[in-house]
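# Summary of structural features
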Amino acid sequence: MTDLDALRAAQLLHYSSAGLNKGDPVATPLVQSTMFHLPGDPAGFDQYGRYDNPTWEAAQDALALLEDAPALLFPSGMAAIAAVCYALLKSGDRILLPSDGYFAARKLAERFLAPMGITADTCPTAELAAKPLGPYALVLAESPSNPGLDVCDIAALAQSAKVSGALLAIDNTTMTPFGQRPLDLGAEIVVSADTKAMNGHSDLLAGHVASRNEHLMQTIAEWRKFAGAIPAPHDAWLLARGMATLEVRFERMCETASMVARRLADHPALSAIRFPGLKSDRSHETASRQMSRYGFLIGLTLPTQKAADHFIEACPLIQPATSFGGVHTSAERRARWGDAVAPGFVRLSIGCEPADILWEAIDDALKDT
Ligand SMILES: *Cc1c(COP(=O)(O)O)cnc(C)c1O
């Protein structure tokens, strides 16, 4: 962790007490109100539940602190990605999406952006560096990509996007601001599914957009206000609570993932492994330059679909579930959703279980695959 990350981690636990008056609650209050007492001139006050809410503003303040940039909270990761697309693109624009990234972004483009005259192209994450960005109004990249864990050089991509006049948005879901800082690397926009590790407790959907470009953020804020993609106060309250432990959870998850990946690297039950922290991984060099940790996701390929299913079901400390980033380790065979991966490919999301106990359970489950 860098000194600045440490400072942000400490500030996160105290930022909300800065404006307290004597007798105010220390924990973030849950304000479950659509109406605000508003006689006379409404300017300068909270007005209506779709425009403002003190609880989601508190969660946004926490996100802004972590991103070191203004942030807007959304009711899901996809709502954040959709807001960027709908607020910033117009008919005739082209968008570039990762062919190996989160599938719903491609679906959104194909099903809803294309009929509005916005053309989407796709490119594998590992080949983005060679792609001319001139034709694109918006480039959305994911690094490391979900589920394949390929990376792209964000600083180089940001440079190339600037020269070409394209906006670069990085989906930072798999890393969180404690593992990778796309805005500091030159990206214009960062988006994240806070449903995953940011919240970490698998009990809500949320997402955010952050950018230091004031004009873009104003446009996206206005889009949210009129399209109505605002988070529920209770979810925002839970997210703020979840984020309070992000740094501790993320550190534990990444440390354990590094240990598990090292031990799995030459495991006879596997036919392949992807983890950017392994020196042998093709993502390692770029990952080491731009990430302060290697994340908590490991891509495992078992020889067959049956072996993969068996591994997941046989391990008592693996929750068989889609999604990732929870305090509990989880895994799934991604081919069941049609991802372009081998039938035995498993995305393993390492949780907060004590590392040695988790390792023993994983090793045991692999023994009888
Ligand atoms: C889960 C995920 C999303 C979508 O988030 P939701 O909260 O499910 O809408 C977007 N990008 C990535 C990389 C994800 O893993």
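Everything numeric here is computed off the predicted structure, so don't read it as measured data.

The topology assignment puts A10 in helix α1 (residues 3-12). Sequence spacing of A10 and E247 is 237 residues, and the spatial spacing of their C-alpha atoms is 9.4 Å.

This brings us to the domain arrangement of the chain. Segmenting the chain into domains produces domain 1 (3-243) and domain 2 (247-367). A straight line from the C-alpha centre of domain 1 to that of domain 2 covers 26 Å. Taken residue by residue, the interface counts 32 residues in domain 1 and 32 residues in domain 2. Interface of domain 1 and domain 2: buried area, both sides summed, is about 2,400 Å²; carbon and sulfur atoms make up 57% of it. Between domain 1 and domain 2 we count three salt bridges in total. In this structure, D150 engages R282 in a salt bridge whose closest nitrogen and oxygen atoms are separated by 3.0 Å. On inspection of domain 1 and its partner domain 2, the count reaches 16 residue pairs in polar contact (both at pLDDT 80 or more).

Next up on the list: the sheet that holds strand β9 (residues 297-301). With mixed pairing, the five strands of this open sheet are ordered in space as β8-β9-β12-β11-β10. Because the sheet does not close on itself, it has two edges, and the strands there are β8 (272-274) and β10 (319-320). Sitting on the sheet, helix α8 (residues 246-264) is in contact with β8 and β9, with an inclination near 20 degrees to β9.

All right, on to the pattern of salt bridges then. Taken as a whole and judged by the stated rule, the model has 22 salt bridges. Close ionic contact of R333 with D309 constitutes a salt bridge, the shortest N to O distance being 3.1 Å. Highlighted residues: R333 in strand β11 (residues 330-333) and D309 in helix α10 (residues 305-314), separated in sequence by 24 residues. The exposure class assigned to R333 is buried, which follows from its relative accessible area of 8%. Given a relative accessible area of 26%, D309 falls into the partly exposed group. For D339, the salt bridge identified is with R334, shortest N-O distance 2.7 Å. For the pair D339 and R334, a shared accessibility class is recorded, and that class is buried.

Cut-offs applied
Residues numbered from 1 in each chain as written. Predicted model: local features only at pLDDT ≥ 70, side-chain atom pairs only at ≥ 80, totals over all residues. Heavy atoms only, no water. Helix = DSSP H or I, 4+ residues; strand = E, 2+ residues; numbered from the N terminus. Domains from an automatic or database assignment. Contact = heavy atoms within 4.5 Å. Buried area = accessible area lost by both parts, 1.4 Å probe. Salt bridge = Lys/Arg side-chain N within 4 Å of Asp/Glu carboxyl O. Polar contact = N/O pair within 3.5 Å; in protein donor to acceptor, adjacent residues only side chain to side chain. Pairing = 2+ DSSP bridges. Axes fitted to C-alpha atoms, helices over the stretch in contact; angles between N-to-C directions. Buried < 20%, exposed > 50% of the residue type's maximum accessible area, 1.4 Å probe, protein only.

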